[in-house]
Amino acid sequence: MKFSFCLFILAILAFIPAMGQSSLNPDQNAFAFFLQEPIKLDGLLDEEIWTSEEGWNTGFMQYFPSDTSLADAQTKIKVAFDANNIYIAAIMENTGPRKYVSTSLRRDYRGEQNDGISFVFDTFNDKTNAFQFGVNPYGVQREALLANGGARSEDLNLAWDNKWYAEAKIMENHWQVEVIIPFSTLRFNDGAQNWNVNFYRIDSHKGERSSWSPIPRNFPIISTAFSRKLIFEKALEKSSANISIIPYVAGRTSKNFLEGTQEELTPTAGGDAKIGIGPALNLDLTFNPDFSQVEVDEQVTNLDRFEIFFPERRQFFLENADLFESFGQPRSRPFFSRRIGVDIDSATGQNVQSKIIYGARLSGKVTDDWRVGLMNMQTATDEDAGIAGKNFSVLAVQRKVWTRSNIGLIFVDRESLAVDEFQQLFDPNAYNRLLGMDFNLASADNRWTGKVFYHRTFEAGETESPYSFNAYVLYSDLHWNWSFSYQDVGKEFNPEVGFVPRKDYKRLNPDVSYLFYPNSKLINRHGPTLEFEGFWNETLGTTDRDINLGYEVRFNSLSRLELSLRNRYIYLFNDFDPTRTGGVALPAGSDYSFRNLLVDYRSNPRKMFNIQATGEFGQYFTGHIQRVTSQMGVRLGYVANISMNFNYARIRLPEPQNDADLILVGPRIDLTFTKNLFWTTFIQYNNQIDNLNINTRLQWRYAPVSDFFLVYTDNYFPGDFMPKQRSLVLKLNYWLNL
C-alpha cells in the first residue's frame, strides 16, 4: 500500500512540470565583454570598458513594495572578463539626497534593511544552485552559496568564504562598485559560453527592492527560477591550477572547575586544502581541523519533548553542502554533518566533542545534469571517555530532470573502530548505514515545488520498520498558497548520522493561505492562513494535533504583525516534565488539549532601534503559560550593534508538578572597528540549565580570507558566580592560493 501511494504521488508530481513551462521567455540577456588587459580595482570606473555606453544592463524592475513597475531608484550593471577573472561594474542611482544603512562593517551582512547590490551566477544553468556576491556602499562584501532554487531564506548560506575583491565609492547622486571575481573562486563547465544570471538591489531610503530580471513578489528575491542569460564573448577556458592551502596554528588552554581538571596551553596545527578537479569539481581536504573560532549557538528555552536542531557553521562542510544536507526534510534528515565530531561520554551520557583526525570531500558537477558528492571522515578514540573512533562515509548523487527538478540517491555509513578483542579494524556489530532516494520537484515558473523520498537504515540484528517516507507538494501564486504533506517514520528508523527528533509516527499536514494586496501607503499585503497538523501511529492512535488559524499583515515600512489561534492536543507516550526543571513528570499515557493565542511583531529593521517580539498566552498541559520571546536591537551607525535576546516563560501548573519562571537573557555587543577588525561579546543567562555563559571573540582579518582569532569562553553558576568551565583559544590561519 505504501509503495502504491508513493507511485501515485510521483505520477502527480511528474505531470506538474508540464504546467507553466512556457511562462519564462526572457526578452533580454546580459553580455560579458572579453578584455585583453586586467582592470585596476579602485571603484572609479574610469577604464574604457566602463566609460563606453555600450553593454550596460538597465531597466531594473521593482520587487517590493510592488512588482509591476520599473524601480524608482534605477541601477545599471556591466560585465567583462579575461582568462582569469570576471569583472563587474555597477552604478546605483538615487532619487535624491540620502544616507545609507549598513548594519556593520563585518563581512557577510544580511537583511532587507541594508543597502546593497547582489550578483547571482548560476554557472551550470540549472536554476537550482548559484553563487552570490554582494557589496554595500561602504565596500563591505558578502559571498554566499544558493541552493534548492532559493525557495527559502535558509537556502542562502553566508557562512561560505572565498577570495574575491571589491571597491565602492559614494558619489553625489549615486554610489558605484567595481568587482573582481577570480574564476578559481567559481565552479563552471570548461568551454561554457553562457551562465544564468540575475542582479538585485536593496535601497534602504525608500525600502525598495528591485531586480534586473523580474521576480514576482510572492517568491523570495533570492529565487533562481527567474534568471536570464549572461553570454560570454568567447568560450570560457580552464585557467591555471586551482589549489588553495589554508594552514592554521592554534593554542588552547582550559579549566574544568567541576571535575578539577586543567589543560595547559597546548599548541596545535593543521589545515585545509581546496583543490579544483577541473573547473566543476572541488576536493576539500582537512587534517586535524580546529573549529574553535566558530561562533557559539544561541541557546533556547526548550519546552518541547524532542531534540532541537542547530545549523552547521563549520567552513569545511559548507561548499556544496546542499548536495549532502538537503536529502530528507527537517523532521527526518538522513545526514547531519554536526553529528561528526560529537559523541557521547560513556560515563556521563553527555554530548562531548570527539577529535576529527582527517576528512576529505569531493563534490560538484560531473556533467550538466549530474552532481556527485563523496565524503570520508575519521574521528579519534578517547579511552578515558569510553569513546571508540568512528569512520563516516557519505555518497550523494543527484540527476537533473526536466527544467529544475532532480532525483537524488544517498548512502551514509558509520563504522566504529574495534576494541582490543576484535581482530578487524572495525567492530562488525557497531555499524549504522542508510540508503535513500529523493525526488525534488521545482516547476519552471516556480509555482509548483515538492519532494518525495524513501530512506531505510541498516544495523546489526533485526529491526522493525526502519524506514522514513515523505510526500510533499506546494503551490504558490500571487494570492493563493497551499501545501499538502504526508510523512511516515517507522518505529526503528535510526540514522545515527542524521537528525530525527521522533520516530514511530505518521503525519498529515495540509495548509492554505490567501494574500490581499491593497492600494495602501501603509499596508503592503495581508491575509489569513489555516493549517492542520496531525500525528498518529498504529499502537496509540492520535498522539498530536494542531489546528492553527492565523492572520498576517506586512507593512510597506518592512514591519509585520501576525496573530494566530492555536488548538493543540498532545498524548504523552513517555513521562514528561513540562518545565524541564526536574519536577514531577506528567505520566505516560495521559493526554491534554489546550488553546493558545500567539502574537508576533517585527518592527521596521531600517530604524536605529528595532524589535522582534513573540507572545504566547493560554493553556499549557494541566495549567497555563505566558511566554514572551524578544530581540531588541540598537544600531549605532555601522560601528556598533547592541542587541538583547530575552525569553521569559511563566508556567503555572497544579501540584505535584512544578511551577516555573524560565528566563533566558542574551545580550550581544558587536563592534566593527574597521572592515577587518571585529569584536563580538555574547552573554547568555539560562536558568533552565542553571548556567551563565560568556563568549567573547576578537577577529582580525589581516589578509583576504585570512584571520587571527582570540576566543574566550566562560561558564558560571548564576546564583553565586562559581565558575564551571573556561577556555582561551588563539588561532591564526592563512589562505594561500597556489
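If you're wondering where the values come from, they're calculated on a predicted model, not measured in any experiment.

1. Quick word on the overall build of the chain
- On a plain count of helices and strands, the chain comes out with three helices and 41 strands.
- Relative to the compact-globule value of 27 Å for 738 residues, the chain shows a C-alpha radius of gyration of 26 Å, a close match.
- When the backbone C-alpha atoms are referred to their principal axes, the chain occupies close to 80 × 60 × 55 Å.
- When the accessible surface of the chain is split by element, carbon and sulfur atoms take 57% of a total near 32,700 Å².

2. Observations regarding the pairing of strand β39 (residues 706–716)
- Summarising burial for β39: eight of the eleven residues are buried, a large majority.
- Sheet topology note: the strand β38 (residues 691–703)/β39 ladder contains ten bridges and is antiparallel. For leucine 692, the partnering residue across the bridge sits in β39 and is tyrosine 716.
- Two successive antiparallel strands, β38 and β39, enclose a turn made up of two residues, where valine 705 displays a positive phi of approximately 55°.
- In this sheet, strand β40 (residues 723–733) lies alongside β39 in antiparallel orientation, the contact comprising nine bridges. Residue pairing for β40: phenylalanine 709 is matched across the bridge by lysine 731.
- Hairpin connection between β39 and β40: a loop of six residues separates the two successive antiparallel strands, and phenylalanine 721 in this loop has a positive phi of roughly 60°.

3. A closer look at the packing of aromatic side chains
- For the structure on display, the rule yields 37 aromatic pairs.
- Ring geometry for phenylalanine 133 and tryptophan 164: centres 5.1 Å apart, planes at 70°, overall edge-to-face. Pair noted here: phenylalanine 133 is in strand β6 (residues 130–135) and tryptophan 164 is in the loop between β8 (156–157) and β9 (165–170), with a separation of 31 residues, a long-range link.
- Since its relative accessible area comes to 0%, phenylalanine 133 is described here as buried.
- Ring geometry for tryptophan 448 against tryptophan 482: centres 5.8 Å apart, planes inclined by 85°, an arrangement best described as edge-to-face.

4. Some points on a nonpolar patch on the surface
- Nonpolar side chains collect at one region of the surface, where Trp480, Trp482, Phe484, Val512, Leu530, Ile547, Leu549, Leu565, Leu597, Phe617 and Val628 lie side by side and expose about 910 Å² of accessible area between them.
- Listed by contribution, the elements that provide at least two residues to the nonpolar patch are β26 (480–489) and β30 (541–555).
- If you trace the backbone, tryptophan 480 turns up in strand β26.
- Classification of tryptophan 480 as partly exposed rests on a relative accessible area of 44%.

5. Observations regarding the pattern of salt bridges
- Overall, the coordinates contain 36 salt bridges when judged by the stated rule.
- Close ionic contact of aspartate 203 with arginine 98 constitutes a salt bridge, the shortest N to O distance being 2.5 Å. Of this pair, aspartate 203 sits in strand β11 (residues 194–203) while arginine 98 sits in the loop between β4 (85–93) and β5 (116–122), placing them 105 residues apart in sequence. Take aspartate 203 and arginine 98: they sit in the same class, and that class is buried.

6. So, the nonpolar core
- Counting residues in each nonpolar core, the largest one holds 38 residues, and the members touching the most others are Phe119, Phe121, Val177, Trp195 and Leu230.
- Listed in part, the 22 residues of the second largest apolar core include Phe316, Phe317, Ile340 and Phe392.

7. A look at the environment of lysine 503
- With respect to the helices and strands, lysine 503 occurs in the loop between β26 and β27 (505–508).
- On the accessibility criterion, lysine 503 (34% relative accessible area) is partly exposed.
- A sequence separation of 44 residues divides lysine 503 from glutamate 459, and the C-alpha atoms of the two residues are 16 Å apart.
- Here lysine 503 is in contact with Val489, Gly490, Lys491, Phe493 and Asn494, once residues within four sequence places are set aside.
- Among the polar contacts made by the side chain of lysine 503, one reaches the main-chain carbonyl oxygen of phenylalanine 493 at a distance of 3.4 Å.
- A polar contact is formed between the side chain of lysine 503 and the side chain of asparagine 494, at a distance of 3.4 Å.

What counts, and at which threshold
Residues numbered from 1 in each chain as written. Predicted model: local features only at pLDDT ≥ 70, side-chain atom pairs only at ≥ 80, totals over all residues. Heavy atoms only, no water. Helix = DSSP H or I, 4+ residues; strand = E, 2+ residues; numbered from the N terminus. Rg over C-alpha atoms; globule rule 2.2 N^0.38 Å. Areas by Shrake-Rupley, 256 points an atom, 1.4 Å probe, with all protein chains shown as cover. Buried < 20%, exposed > 50% of the residue type's maximum accessible area, 1.4 Å probe, protein only. Pairing = 2+ DSSP bridges. Phe/Tyr/Trp six-rings, centres within 6.5 Å; stacked < 30°, edge-to-face > 60°. Patch = residues over 30% accessible without salt bridge, like charges linked within 9 Å, V, L, I, M, F, W, Y side chains within 5 Å. Salt bridge = Lys/Arg side-chain N within 4 Å of Asp/Glu carboxyl O. Core = buried A, V, L, I, M, F, W, Y, C linked by side-chain atoms within 4.5 Å. Contact = heavy atoms within 4.5 Å. Polar contact = N/O pair within 3.5 Å; in protein donor to acceptor, adjacent residues only side chain to side chain.

That is the geometry; function is a separate question.
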